[in-house]
There are 2 protein chains.
Amino acid sequence: MWRSSFYQRASRVFNDHPTVARLLVVVSVSGGGVAAFSDAKPVSGGDSKKKKVVVIGTGWAGTSFLKTLKNDSYQVEIVSPRNYFAFTPLLPSVTCGTVEARSIVEPIRTIVRKKGLEAKFTEAECYKIDPVGRKVYCRAAPQKNVEGKEEFTVDYDYLVIAMGARSNTFNTPGVVENCHFLKEIEDGQRIRRSVINCFEKASLPNLTEEERKKILHFVVVGGGPSGVEFAAELHDLVNEDLAKIYPAVKGLVRITLLEAGDHILNMFDKRITEFAEWKFGREGIDVKTGSMVVKVTDKEISTKERATGELVSVPYGMVVWSTGIGTRPVVAEFMKQIGQTSRRALATDEWLRVEGCDNIYALGDCATINQRKVMEDILAIFSKADKNNTGKLSAKDFQEVIHDIVERYPQLEIYLKRKQLKNIVELLKKAHETDKMSDETIDIDKFKAALSQADAQMKNLPATAQVAAQQGSYLADCFNRMEQCETYPEGPLRFRGTGRHRFHPFRYRHFGQFAPLGGEQTAAQLPGDFVNIGYSSQWLWYSVYASKLVSWRTRFLVISDWTRRFVFGRDSSRI
Amino acid sequence: MWRSSFYQRASRVFNDHPTVARLLVVVSVSGGGVAAFSDAKPVSGGDSKKKKVVVIGTGWAGTSFLKTLKNDSYQVEIVSPRNYFAFTPLLPSVTCGTVEARSIVEPIRTIVRKKGLEAKFTEAECYKIDPVGRKVYCRAAPQKNVEGKEEFTVDYDYLVIAMGARSNTFNTPGVVENCHFLKEIEDGQRIRRSVINCFEKASLPNLTEEERKKILHFVVVGGGPSGVEFAAELHDLVNEDLAKIYPAVKGLVRITLLEAGDHILNMFDKRITEFAEWKFGREGIDVKTGSMVVKVTDKEISTKERATGELVSVPYGMVVWSTGIGTRPVVAEFMKQIGQTSRRALATDEWLRVEGCDNIYALGDCATINQRKVMEDILAIFSKADKNNTGKLSAKDFQEVIHDIVERYPQLEIYLKRKQLKNIVELLKKAHETDKMSDETIDIDKFKAALSQADAQMKNLPATAQVAAQQGSYLADCFNRMEQCETYPEGPLRFRGTGRHRFHPFRYRHFGQFAPLGGEQTAAQLPGDFVNIGYSSQWLWYSVYASKLVSWRTRFLVISDWTRRFVFGRDSSRI
């Protein structure tokens, strides 16, 4: 009675020696022992002199921003309908119980608290943004009935929009009503229950074999990495675990993967696509390419086959819809407000600032970078380089601005790489050679001609966790050095204006892309045309993702989930 | 590509050497390594010559029955709306995230498969029992829409009813609509989400302190072990984990425990009750005894104070209702059918056979043993003992039947213990002494007088997991030895009839009762008036429960959950 609990005492020890806490956890995890990890830095009250940064969303972009934000000269307020960050690459594993949902989430309050950031979190949804009055309108979820006080507004000095996207149904009738999505944690949990429910349903008496087959027909729509991984996980679940405990119906299971394009995993290297299609074919997963879903009823899914134009309807037990992302209504509304009507996401400049707004930033799946075209600025670039206004540029003139040009217009770098040239000077030299001119200088027309193809290299960034995470930490880094860079700008020359940009523009670094294919096989496509398919890739994949955002808690939990699954198999309880 | 997965291979090794598998798992768990554990005994098709045992329910009683049933001369069919067994003593821990829901469940199909039992499981609810036609009517859950084929009947030769009870609301208005129960796994998960939801709700802006306090007022109705444990767990959750991440509202939390009786934990020893009340008082949990809930609206809970007769209404944020159990509608309906109308549960004899039915057994919370009274059979007992029909019984006459009497009427044993007598002979001797008679024999009137108080010792068994589990394994053991005991009956003499009963009657062995009180303290009341309150009791408690029904999987998962909680705290993500 008189002594305090062992947990509390252990915890206190680590609080008194916070610097050793992290190390101790590592040791404890690898050694199989246990240790307490806790650091309680007080979050002080609001300071009205500080600029207020409002972050909307707690996905990859928002969380990465919060994790990198250091400067305590901001007052941070976070609004999101989810009070946690979810490690979404493992979501397909959640659907089949390879990993538990709770193992891949991290409460945002804990993340913020551990950072010692002065931040306030409110669990609510933003439904309107007022860029003139500098405030966002929010509404708490319906289960938070507080007598008309669910709605409130939040003022901001800086607004960071990171609210992601929604699943895209392409307005296909019946999808919302009858399909499962693969986007939120709840989706993963629902799918898991639904799979087991199908097996229990098919085990009911009085059914014909035809009916059982129908119930055990699992359809996955969309041959992207998520859809493919779910199909592979489902196949593993059925064959490794469920076949043993549902022996009467195991032979009736069918998994169909529908893809509207010519190949599954079409954003990957051809070798990976081919391997995946071969592997799925061997395992009995029915891959149907060129098959576009046109309607889903509560019993059947109808597709139009591109090759024949034929309409086919097949009965199903469960459909998982994973075809890509669409714009959230609030983002679409905001885009209309600020006159951005032609795009699927909020257009920003290379510094992630929303075009046409002040102090509003957008990142992750809800944003797209509207990259500046070389050809639009070609005169400005020429005149910046031609300091003496001679109308001609020499190689020496270029040397001075070459770095700025490439930084401001990264498509140039890709273009040069593609042409196997070292830099612009070489490109211009080459232009000379073809013209057979001995003059070392170049005029505006030649300059235009040499660079005319560069803009074709511009590509939108993929809507991936990697991009969102990099944007989040990039932006936070800018915020961290806002004052310093105001005085000492570090960015490229402003070709249209004067002086330099405060910051370097955002630059995405591709670390490769992974597609787990089931049976502990993962296809990896890494930078430099390196393709790897096999058992080691999964660990490579995990270690890449684990590098930045994942907490020790998540690592430990996921590894312990894998251990559980390895020893005991996946659980088939319908909870 | 060519090599099969490591998991599969490892798994195969263990399948080939099943005898070492169990050992290997133990080693791997303690050593931190991993190993596969899998044994796949085929479940063969139905055999019409075998007697068919239908088990309704997969709780403690049903699962314990299935785990003990050995004889492969039965064909077993299980019907339950839950395809898993839940280790319910840890349910209060699930509500606060100390243990994960999935860690305390075990799929019933896996349990049955590991036993090598020929058993068929159907996930459906029994809604009617036909004891004449020997069949049960079942219905699959609504989400299993299979075009009118949700309903089916199951024939039986033996029926084992183990469908448990429901939460009892005592028809208090508003309870079903506004309260959480603490009975099923889903309840635990819902409560967990609801607690976090209350904290997020209280953190919304624009609320007055009064409103926040209201939202963070947690009310627990019922001072039994479940209610007390939930209150204690909630207190720990708030103080150990949530206080850190909801610093703004932590001071506004209030936990109230309402108990209609005079004390909480009133089935326990007075020392435990006093300690619990003292501990809760010190920790700020508001214990209100003599307070009966009369109404619950969506905002307020109204109680009637027994001492003053006063009606009090208090606003709340969440109410957990844990006041005991009531009869399931299907059981009530069945009781009406067979003429049992006066009881709250199915009356059985001491062999767990439902009174008035053939080949129907009932066990667990849905049943109650209608113990035979000594006084009802007093003439039969006397005449059985008085073999020579002398109208008098000597001590020697008794010696022969004493064992049978005590076995058939266990209340006698309790009565004797209470009187501090060794056996009936001593009791009769004592009767003689008071009569100051020298005669060593006794007549029927004296016999009656000596035993007249014995029946007062009869008590219904508590509705606990321990009782249900013991009944399940007792009944299975009877089934296992059905043929053998038909020939060589092992039970006591039939005092009313002739010969012996086939089996020993069911006898409950009390291993003690535990009430976790939070902060790793557990109160234990063990047989022999031994009371223990402290840190060691929790492990004692677990080891008692763990002894029989719990699989290695559950043990491993629960311990790993405790480790997770110890290292990382409880998770506060609202999923």
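Since the model is a prediction, treat every value here as computed from it, not as a measurement. (Residues numbered from 1 in each chain as written. Chains lettered and ligands numbered in written order. Predicted model: local features only at pLDDT ≥ 70, side-chain atom pairs only at ≥ 80, totals over all residues. Heavy atoms only, no water.)

Quick notes on the side chain of His501(B)
Thought 1: Relative to the helices and strands, His501(B) is located in the loop between α18 (482-487) and β23 (513-518).
Thought 2: Leaving out residues up to four positions away in the same chain, His501(B) has contacts with Trp351(B), Arg408(B), Pro489(B), Glu490(B), Gly491(B), Pro492(B), Leu493(B) and Arg494(B). (Helix = DSSP H or I, 4+ residues; strand = E, 2+ residues; numbered from the N terminus. Contact = heavy atoms within 4.5 Å.)

With respect to the packing of helix α3 (residues 60-68) of chain A against helix α17 (residues 465-480) of chain A
All names here are of chain A.
Thought 1: One can describe the packing of α3 onto α17 by two numbers: an axis separation of 7 Å at closest approach and a directional angle of 35°. Pair α3 / α17 crosses with right-handed handedness. Taking contact as the criterion, the partners of Trp 60, Ala 61, Ser 64, Phe 65 and Thr 68 in α3 are, on α17, Ala 465, Ala 468, Ala 469, Gly 472, Ser 473, Leu 475, Ala 476, Asp 477, Phe 479 and Asn 480.
Thought 2: Across the contact of α3 with α17, the residue classes break down as 9 nonpolar, 5 polar and 1 charged. (Axes fitted to C-alpha atoms, helices over the stretch in contact; angles between N-to-C directions. Left-handed = near helix turned anticlockwise from the far one by under 90°. Nonpolar A, V, L, I, M, F, W, Y, C, P; charged D, E, K, R; others polar.)

So, the nonpolar core
Thought 1: With 124 residues, the main nonpolar core has Ile161(A), Phe65(B), Phe199(B) and Phe479(B) as its most contacted residues.
Thought 2: When near neighbours in sequence (up to four residues on either side) are disregarded, Phe479(B) contacts Val53(B), Phe65(B), Leu69(B), Asn71(B), Tyr74(B), Tyr158(B), Val160(B) and Tyr361(B).
Thought 3: Of all hydrophobic cores here, the second largest spans 123 residues; its members include Leu69(A), Cys126(B), Val154(B) and Leu346(B). (Core = buried A, V, L, I, M, F, W, Y, C linked by side-chain atoms within 4.5 Å. Buried < 20%, exposed > 50% of the residue type's maximum accessible area, 1.4 Å probe, protein only.)

What about the interface of chain A and chain B?
Thought 1: In this complex, chain A contributes 87 residues to the contact, which on the side of chain B involves 87 residues.
Thought 2: Around 8000 Å² of area is buried between chain A and chain B when both sides are counted, 57% of it from carbon and sulfur atoms.
Thought 3: Summed over the shared surface of chain A and chain B, the number is 6 salt bridges.
Thought 4: Linking Glu100(B) and Arg102(A) is a salt bridge whose minimum nitrogen-to-oxygen distance equals 3.4 Å.
Thought 5: Summed over the shared surface of chain A and chain B, the number is 11 residue pairs in polar contact (both at pLDDT 80 or more).
Thought 6: In terms of residue count, helix α20 (residues 552-568) of chain A provides more of the side of chain A that touches chain B than any other element does, 13 residues in total.
Thought 7: Its residues assigned to classes, the side of chain A that touches chain B comprises 37 nonpolar, 21 polar and 29 charged. (Buried area = accessible area lost by both parts, 1.4 Å probe. Salt bridge = Lys/Arg side-chain N within 4 Å of Asp/Glu carboxyl O. Polar contact = N/O pair within 3.5 Å; in protein donor to acceptor, adjacent residues only side chain to side chain.)

Considerations on the sheet that holds strand β1 (residues 51-56) of chain A
Residue and element names in this part refer to chain A.
Thought 1: Spatial ordering of the open sheet is given by β5-β2-β1-β9-β21, a layout of 5 strands whose pairing is parallel. With one partner strand each, in any of the chains shown, β5 (119-123) and β21 (360-362) form the two edges of the open sheet. Taken over all neighbouring pairs, the strand axes of this sheet differ in orientation by 15° on average, direction set aside.
Thought 2: Direction of pairing for strand β9 (residues 158-161) relative to β21: parallel, over a ladder of 3 bridges. Considered in β21, the bridge of Ile 161 is made with Ala 362.
Thought 3: Across the sheet, α17 touches β1, β2 (74-80), β9 and β21, and the angle it forms with β9 is around 170°. (Pairing = 2+ DSSP bridges.)

A look at the domain arrangement of chain A
Thought 1: Domain parsing of chain A yields domain 1 (49-165 + 327-371 + 460-508), domain 2 (179-326 + 511-568) and domain 3 (374-457).
Thought 2: Taking only C-alpha atoms, the centre of domain 2 of chain A and the centre of domain 3 of chain A are 48 Å apart. (Domains from an automatic or database assignment.)

Observations concerning the packing of α20(A) against helix α20 (residues 552-568) of chain B
Thought 1: Orientation of α20(A) relative to α20(B), taken along the N-to-C sense of each, is 175°, at an axis distance of 12 Å. It follows that α20(A) is roughly antiparallel to α20(B) by the angle criterion. From α20(A), Trp552(A), Arg553(A), Phe556(A), Leu557(A), Ser560(A), Asp561(A), Arg564(A) and Phe568(A) reach across to α20(B), where they touch Trp552(B), Arg553(B), Phe556(B), Leu557(B), Ser560(B), Asp561(B), Thr563(B), Arg564(B) and Phe568(B).
Thought 2: Per-class residue counts for the contact of α20(A) with α20(B) are 8 nonpolar, 3 polar and 6 charged. (Parallel < 35°, antiparallel > 145°, perpendicular 65-115°, else oblique.)

Some remarks on the relation of the copies chain A and chain B
Thought 1: Expressed as a screw operation, the relation of chain A to chain B combines 0.0 Å of axial shift with a rotation of 180°, fitting to an RMSD of 0.1 Å. Viewed as a symmetry operation, the transformation between the two copies matches a two-fold axis.
Thought 2: Looking at the interface residues of chain A, 100% of them are also at the interface in chain B, so both copies use one shared face. (Least-squares fit on C-alpha atoms with pLDDT ≥ 70 in both.)

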